[in-house]
Amino acid sequence: SYLHLKDINDVDQLGMRLGAKWAVSDHGTLSGQFFAQKMDAGDQAIERPYSRVVGTTSVPAAGALTNDAHARQPRSDETKMGGLNYVHDFGNYNLTLAHSVFRRDNTDDQDLAGLPYFFAFLQSINEFPPVPVIPNGVFESRQKTDMNTSEARLVTNLDGPWNGVVGLLYQDRT
């Protein structure tokens, strides 16, 4: 597990999928699907350099000057998706009604210790523009997505060379 010190690049993942189809009548079918996944990742450990200043320039530590303290950069991702479809065959055309739901919550934590020293060094040798450098610390990026999609679609099934599709779609995403 990523919470223990042994497996540095450990990933724990659990998921499931469920699908079903039901013949509601001779002309109509209802199908549904559900998918869920949970993932926790420990990511790679980081080696952070001590702050060293030569004159007025910060330089990254190397060799014996590095600190071997490891920091975790955990990532978690939880996803749930589901959908229902109803298809009715009217002979010369089919009517499809569909609705789907998507929910996702993921978090990334990044240990930024050592990064300011690296960019300050690059600035000292004019290899990076003189802009403010990110401070030390942990950066958390959290993304949450909720999406609902509904669709109605009419498909022709004519004997001639021409057939067509017309439909309406609505999506709400936050």
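Residues numbered from 1 in each chain as written. Predicted model: local features only at pLDDT ≥ 70, side-chain atom pairs only at ≥ 80, totals over all residues. Heavy atoms only, no water.

Caption draft 1: Up close: the overall build of the protein chain. Broken down by element type, the protein chain carries one helix and 10 strands. Secondary structure elements of the protein chain, listed N to C terminal, follow the sequence β-β-β-β-β-β-β-β-α-β-β. When burial is assessed residue by residue, the protein chain has 19% of its 174 residues classed as buried. Contacts in the protein chain between residues at least 24 apart in sequence constitute 62% of all its contacts with a sequence separation of at least 6. As presented, the protein chain carries roughly 12,200 Å² of accessible surface, and 56% of it is formed by carbon and sulfur atoms. (Helix = DSSP H or I, 4+ residues; strand = E, 2+ residues; numbered from the N terminus. Buried < 20%, exposed > 50% of the residue type's maximum accessible area, 1.4 Å probe, protein only. Contact = heavy atoms within 4.5 Å. Areas by Shrake-Rupley, 256 points an atom, 1.4 Å probe, with all protein chains shown as cover.)

Caption draft 2: Broad picture of the packing of aromatic side chains. Counted according to the given criterion, the structure contains two aromatic pairs. Between F90 and Y93 the ring centres are 5.0 Å apart and the planes differ by 25°, which places this aromatic pair in the stacked class. Between F119 and F128, the aromatic rings sit 4.6 Å apart at their centres with planes inclined by 45°, giving tilted as the arrangement. Overall, the relative accessible area of 21% leaves F119 in the partly exposed class. (Phe/Tyr/Trp six-rings, centres within 6.5 Å; stacked < 30°, edge-to-face > 60°.)

Caption draft 3: Molecular detail of the pattern of salt bridges. Counted under the stated rule, the structure contains seven salt bridges. K38 serves as the salt-bridge partner of E78, at 3.9 Å between the closest nitrogen and oxygen. With a gap of 40 residues between them, E78 in strand β7 (residues 75–89) and K38 in strand β2 (residues 28–41) connect regions that are remote in the sequence. Note on K38: relative accessible area 38%, which makes it partly exposed. The shortest N-O distance in the salt bridge between E151 and R153 comes to 2.9 Å. By relative accessible area, which is 28% here, E151 ends up partly exposed. Since its relative accessible area comes to 26%, R153 is described here as partly exposed. One network of salt bridges, with partners in common, ties together K38, D40, E78 and K80. (Salt bridge = Lys/Arg side-chain N within 4 Å of Asp/Glu carboxyl O.)

Caption draft 4: Region of interest: unusual backbone geometry. One non-glycine residue, N126, lies in positive phi territory at about 60°. The topology assignment puts N126 in the loop between α1 (115–124) and β9 (138–156).

Caption draft 5: Main features of a nonpolar patch on the surface. Where nonpolar side chains cluster on the molecular surface, the patch consists of W22, V24, L30 and L84 and spans about 380 Å² of accessible area. Its location among the elements puts L84 in strand β7. (Patch = residues over 30% accessible without salt bridge, like charges linked within 9 Å, V, L, I, M, F, W, Y side chains within 5 Å.)

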